[in-house]
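The primary structure of each chain is shown beneath.
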Amino acid sequence: MMYQSTRDASHKKYTAAEVIKMGLAPDGGLFIPETIPALTADEITVLCNESYPVRAAKILGKFLTDYTYDELLSDCTAAYCESSFPGGAAPLVHVHDNIYSLELWHGPTAAFKDMALQIMPRLLSRALVKTGETRDALILVATSGDTGKAALEGYKDIDRIKIMVFYPVDGVSRVQKLQMATQTGDNVNVTAIYGNFDDAQTGVKNIFSDKTMAETLDKEGYVLSSANSINWGRLAPQIVYYVSAYCDLLSKGVIKMGDVMDVCVPTGNFGNIFAAYIAKLMGLPIRHFVCASNKNNILTDFLRTGTYDRNRAFHLTMSPSMDILISSNLERLLCFTAGEDATAAYMASLKETGAYTVDQAVKSAISENFSGYFADECATAATIQNYYKSYNYLPDTHTAVALSAAEQYLADKGEETVPMVVASTASPYKFAADVYASLSGGENLPKDPLSALDQLTEETGVAIPYPLCGLADREVRFSKVIKAEDMPSAVLSYCKG
Ligand SMILES: *Cc1c(COP(=O)(O)O)cnc(C)c1O
């Protein structure tokens, strides 16, 4: 299995180890597999009786053909072990009627990005060996909160790797900030920037495409690599959750082999939902994808009109991991639907004018699979309250956006419903202050975000997950804030230091 760039019509090929090491293609495009491997009904039946690590190793094996099955099984077993994911990696919880919550947040940072970032460093470590790399890897991450912490936990103290995380100083929750500022490990750095997530992400992308920077780092003995969801090594492990959810629906007797399910994903960078789409292309019976957004509903507008236009206000919401105006992984869907030349043109237009419009044919092809819905702050809060009161289910703010979108979709659709698997992407405790405020209808607000953890557990009796216990007592190691334009020099001084 070889890979190619979304912007390269000449289809230059790369191995999986190369694309995991490189992150972004040399032309600025994203790596995609040249073909999609099949997943047969017989294979799904076999996976039903397997543990999550075995399901993961078998699916990854179809994409990472330059890794042996034993390597993948050993990495998946270590990544998804009981001590990191107490109670299992991706449990499927029945919430009400046809709504199922695929809880992806039982890992070391209580957010779904752990699912990919516990395995990705192990894949990168092997990629350095497989590609004969003599330099060490420098991981640069732009984060809107959850990726940063999950990457830090995944890469800390891994041999031959340094990691540097940038986050928007006012764009993450107090808990997220504390989680990152208190990160342990000798190979980690965390730096805040003035600006929003897109400024941080653009800063990282610019460093990746800067040739002089690459030469300087090369002299220092480093090769750049990314842990953002643009890296194929982040995306591939996410395909597994949806296969796993389907197996669980089969095992629970909710569906029979071949029956379809719908999937709804709270979306930011379009990574998670794109992984679900790949599962469908492989043969997993998924009927439709609901792309859920918060008030930053650029994807809802794109899916409804065919125009992607980032010339609009940027809102800070209580679901900050979805506060995004450039949804990078959408480029992969565009490439699959419209081809490399059209994708390169759309991306050039996005860069020059901040917008692009896809052809009518491309728009209809996308609409066959995807619908966009959004929940503003009010609808999100109401959903949290309603799900807790009516179904005794406590969703976090991002999951609530998705639950609201799923219900809107079902109301519009009005035809026979099938199981709707809603990706639940964070523990409610990760956003405890907003969840608590939503429950109490805005009265009786928590004194501060940290005491909200205790108040929420008192109110609901739901236990605080292990990664968030005792946060206030940990030592703060990183408190620097810099301008986005100073990111390159911060990177160099960290490497030299
Ligand atoms: C990252 C994140 C998302 C968005 O996922 P994408 O793959 O970027 O679309 C949603 N919810 C939470 C809690 C996240 O951390």
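This one's a predicted model, so the numbers in the text were calculated from it and none came from an experiment.

Calculation rules
- Residues numbered from 1 in each chain as written.
- Predicted model: local features only at pLDDT ≥ 70, side-chain atom pairs only at ≥ 80, totals over all residues.
- Heavy atoms only, no water.
- Core = buried A, V, L, I, M, F, W, Y, C linked by side-chain atoms within 4.5 Å.
- Buried < 20%, exposed > 50% of the residue type's maximum accessible area, 1.4 Å probe, protein only.
- Contact = heavy atoms within 4.5 Å.
- Phe/Tyr/Trp six-rings, centres within 6.5 Å; stacked < 30°, edge-to-face > 60°.
- Helix = DSSP H or I, 4+ residues; strand = E, 2+ residues; numbered from the N terminus.
- Arc of directions from axis to C-beta.
- Near = heavy atom within 4 Å.
- Polar contact = N/O pair within 3.5 Å; in protein donor to acceptor, adjacent residues only side chain to side chain.
- Areas by Shrake-Rupley, 256 points an atom, 1.4 Å probe, with all protein chains shown as cover.
- Pairing = 2+ DSSP bridges.
- Axes fitted to C-alpha atoms, helices over the stretch in contact; angles between N-to-C directions.

J.: An account of the nonpolar core is needed here, citing residue identities and associated values.
T.: Ranked by internal contacts, the top residues of the largest apolar core, which has 108 residues, are Leu64, Tyr80, Tyr155, Trp232, Tyr242, Leu284 and Tyr356. Discounting chain neighbours no more than four positions away, the residues touching Tyr242 are Leu102, Met261, Val263, Val265, Asn272, Ala276, Ala279, Leu284 and Ala423. Core analysis: the next-biggest nonpolar cluster, separate from the first, contains 26 residues, Ile193, Met213, Ile324 and Leu492 among them.

J.: Account for the packing of aromatic side chains, naming residues and giving values.
T.: A complete count under the given rule lists 19 aromatic pairs for this structure. Each ring, one from Phe270 and one from Phe370, has its centre 5.7 Å from the other, and the planes form 40°; the classification is tilted. Remark: Phe370 occurs in strand E13 (residues 370-374) and Phe270 occurs in the loop between strand E9 (261-266) and helix H12 (271-282); sequence separation between them is 100 residues. You can call Phe270 buried: its relative accessible area is 1%. Consider the rings of Tyr346 and Tyr356, whose centres lie 5.3 Å apart with planes at 20°: the pair is stacked. Taken together, the residues Tyr346 in helix H15 (residues 340-353) and Tyr356 in strand E12 (residues 355-357) connect sequence positions 10 residues apart.

J.: Quick one: what's the story with helix H6 (residues 120-130), residue by residue and with numbers?
T.: Each full turn of the α-helix corresponds to 3.6 residues, which orients residues three or four apart in the same direction. Within the span of H6, buried status applies to Met120, Pro121, Leu123, Leu124, Ala127 and Leu128. Viewed along the axis of H6, the buried residues span an arc of 155°, placing them on a single side of the element. One or two steps after H6, the chain reaches Gly132, where phi turns positive at roughly 65°.

J.: Tell me about the site of the ligand, residues and numbers included.
T.: Near the ligand, the surroundings consist of 14 residues, among which Lys113, Asp146, Gly268, Asn269 and Thr425 are the closest. Between the ligand and the protein, one listed contact pairs an oxygen atom with a backbone N or O atom of Asn272 at 2.9 Å. Ser321 places a polar side-chain atom, nitrogen or oxygen, 3.4 Å from an oxygen atom of the ligand. For the ligand, the protein covers 98% of the area, taking 380 Å² as the surface of the free molecule.

J.: Give a description of the sheet that holds strand E15 (residues 481-483) that names residues and reports values.
T.: Across the sheet, which stays open at both edges, the 5 strands sit in the order E8-E5-E6-E7-E15 with parallel pairing between neighbours. Taken across any chain shown, the strands that pair with only one partner, and hence form the sheet edges, are strand E8 (222-226) and E15. Neighbour-to-neighbour, the strand axes of this sheet turn through a mean angle of 30°, independent of strand direction. The pairing of strand E5 (residues 136-142) with E8 spans 5 bridges and is parallel. The residue bridging Leu140 from the neighbouring strand is Ser226, located in E8. Sitting on the sheet, helix H7 (residues 146-155) touches E5, strand E6 (161-168) and strand E7 (188-194), and the angle it makes with E6 is about 165°.

J.: Break down the environment of Ala365 for me, with residues and values.
T.: With respect to the helices, strands and loops of the structure, Ala365 is situated in helix H16 (residues 360-369). For Ala365, a relative accessible area of 32% corresponds to the partly exposed category. It is 38 Å that separates the C-alpha atoms of Ala365 and Gln176, two residues lying 189 residues apart in sequence.

By themselves, these observations are geometric and do not establish any function.
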